[in-house]
Amino acid sequence: MSVESTLPGLDRLISICRQHSLTLKLSPPEGSSPKRGVLVFGEPLDPQLAAVYQRLGAADLGPLTLYGPTTQDEGLIPENEWLRQDDVVQFRSSLVFGCETGFLFYFGTIPKLADAQGLQPVIHIDSYEAPYAMPVASSVDRFFDAYSRYLELMVVDPEYVHHRVSRVDFPWHVRDI
């Protein structure tokens, strides 16, 4: 089995959302889902992200929105085209595949930093005021795993338990993950 066909981090994230009754909306994969090796904005699509799109389309995984591979509104291509209009280097050098629902926090891969297997690191982009990016995972599936562990901390935060607003922020409060 190839390195990108198994996605234990994604499976864990889905499981944690179910276990804690967090938002979980998974749309079926699209017939035209991008496959490994396809170029997006002139760069190869991360193989794990391609594998995700072979399994599902757009998704809401707790507070994480995963853009679908579609060219429709709120799809991978139009969202990246819209973000790249600002000429912010963090958006131009990455392929944004999701965001934190309701916020201007994005998650993207960095194609130019792909390893020998084509796996690309994931960054968190904060586009409030002065945009900046920080690395959060060495691959898409490791990002899903780290995010699932963040959700486990979030759901036991007393503020979240009582008011559904967490004081635990990703990635700041889970840097050790």
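Please read all numbers here as calculations on a predicted model, not as lab measurements. (Residues numbered from 1 in each chain as written. Predicted model: local features only at pLDDT ≥ 70, side-chain atom pairs only at ≥ 80, totals over all residues. Heavy atoms only, no water.)

Visitor: Can you explain the nonpolar core? Please cite residues and give values.
Guide: Inside soluble globular proteins, nonpolar side chains tend to come together where they are buried. Phe97, Phe143, Tyr147, Leu151 and Phe170 are the most contacted members of the largest nonpolar core, which totals 40 residues. Broken down by secondary-structure element, the contributors of at least two residues to this core are α1 (8-19), α2 (47-55), β4 (59-61), β5 (64-66), β6 (95-100), β9 (132-137) and α5 (140-154). In terms of residues, this core owes the most to one element, α5, which gives eight residues. Once you skip the residues sitting within four places of it in the chain, Leu151 turns out to touch Leu13, Ile16, Cys17, Leu22, Leu61 and Pro63. (Core = buried A, V, L, I, M, F, W, Y, C linked by side-chain atoms within 4.5 Å. Buried < 20%, exposed > 50% of the residue type's maximum accessible area, 1.4 Å probe, protein only. Helix = DSSP H or I, 4+ residues; strand = E, 2+ residues; numbered from the N terminus. Contact = heavy atoms within 4.5 Å.)

Visitor: Break down the pairing of strand β7 (residues 105-109) for me, citing the residues and quoting the values.
Guide: For β7, the tally of buried residues reaches five of five residues, placing the bulk of the element in the interior. Residues Phe105, Phe107 and Thr109 of β7 are buried on one face, and the alternating residues Tyr106 and Gly108, pointing to the opposite face, are buried as well. Joining the antiparallel neighbours β6 and β7 is a turn of four residues, in which Gly102 adopts a positive phi near 85°. (Pairing = 2+ DSSP bridges.)

Visitor: Which residues make up a nonpolar patch on the surface, and what are the values?
Guide: Nonpolar side chains collect at one region of the surface, where Phe103, Leu104 and Tyr128 lie side by side and expose about 260 Å² of accessible area between them. Tracing the sequence through the fold places Phe103 in the loop between β6 and β7. With a relative accessible area of 43%, Phe103 lands in the partly exposed category. (Patch = residues over 30% accessible without salt bridge, like charges linked within 9 Å, V, L, I, M, F, W, Y side chains within 5 Å. Areas by Shrake-Rupley, 256 points an atom, 1.4 Å probe, with all protein chains shown as cover. Salt bridge = Lys/Arg side-chain N within 4 Å of Asp/Glu carboxyl O.)

Visitor: Tell me what's going on with the packing of aromatic side chains, and back it up with residues and numbers.
Guide: In this structure the tally under the stated criterion is 14 aromatic pairs. Centroid distance Phe97 to Phe143: 5.7 Å. Interplanar angle 75°. Geometry classified as edge-to-face. Note that Phe97 is positioned in strand β6 and Phe143 in helix α5, a separation of 46 residues in sequence. Across the pair, exposure class does not vary: Phe97 and Phe143 are buried alike. With 5.9 Å between their ring centres and 75° between their planes, Phe143 and Phe170 make a pair best called edge-to-face. Taken together, the residues span a long stretch of sequence, with Phe143 in helix α5 and Phe170 in the segment after α6 (158-163) at a distance of 27 residues. For the pair Phe143 and Phe170, a shared accessibility class is recorded, and that class is buried. Put simply, the rings of Phe97, Phe107, Phe143, Phe144, Tyr147, Tyr150 and Phe170 touch in pairs and so form one group of aromatic residues. In this structure, Arg84 packs its charged tip against the face of Phe41, placed 4.2 Å from the ring centre. (Phe/Tyr/Trp six-rings, centres within 6.5 Å; stacked < 30°, edge-to-face > 60°. Lys NZ or Arg CZ within 6 Å of the ring centre and 35° of its normal.)

Visitor: Summarise unusual backbone geometry; cite the residues concerned and give the values.
Guide: Along the chain, Phe170 connects to Pro171 via a cis peptide bond; the corresponding omega equals 5°. Inspection of the secondary structure puts Pro171 in the segment after α6. Positioned with a positive phi, Ser21 is a non-glycine residue whose angle comes to about 55°. With respect to the element layout, Ser21 can be found in the loop between α1 and β1 (24-26). A positive phi is found at Arg164, a non-glycine position, where the angle reads about 60°. Among the structural elements, Arg164 can be located in the segment after α6.

Visitor: Quick one: what's the story with the pattern of salt bridges, residue by residue and with numbers?
Guide: Counted under the stated rule, the structure contains six salt bridges. Two residues, Arg55 and Asp11, come together in a salt bridge whose shortest N-O distance is 2.4 Å. Taken as a pair, Arg55 in helix α2 and Asp11 in helix α1 lie far apart in primary sequence, 44 residues in all. Given the relative accessible area of 36%, Arg55 is considered partly exposed. For Arg167, the salt bridge identified is with Asp157, shortest N-O distance 3.2 Å. Linking Arg167 in the segment after α6 with Asp157 in the loop between α5 and α6, this pair joins segments that are ten residues apart in sequence. Of the residues examined, Arg167 reaches a relative accessible area of 52% and is grouped as exposed.

Purely spatial values, then, with no claim about function.
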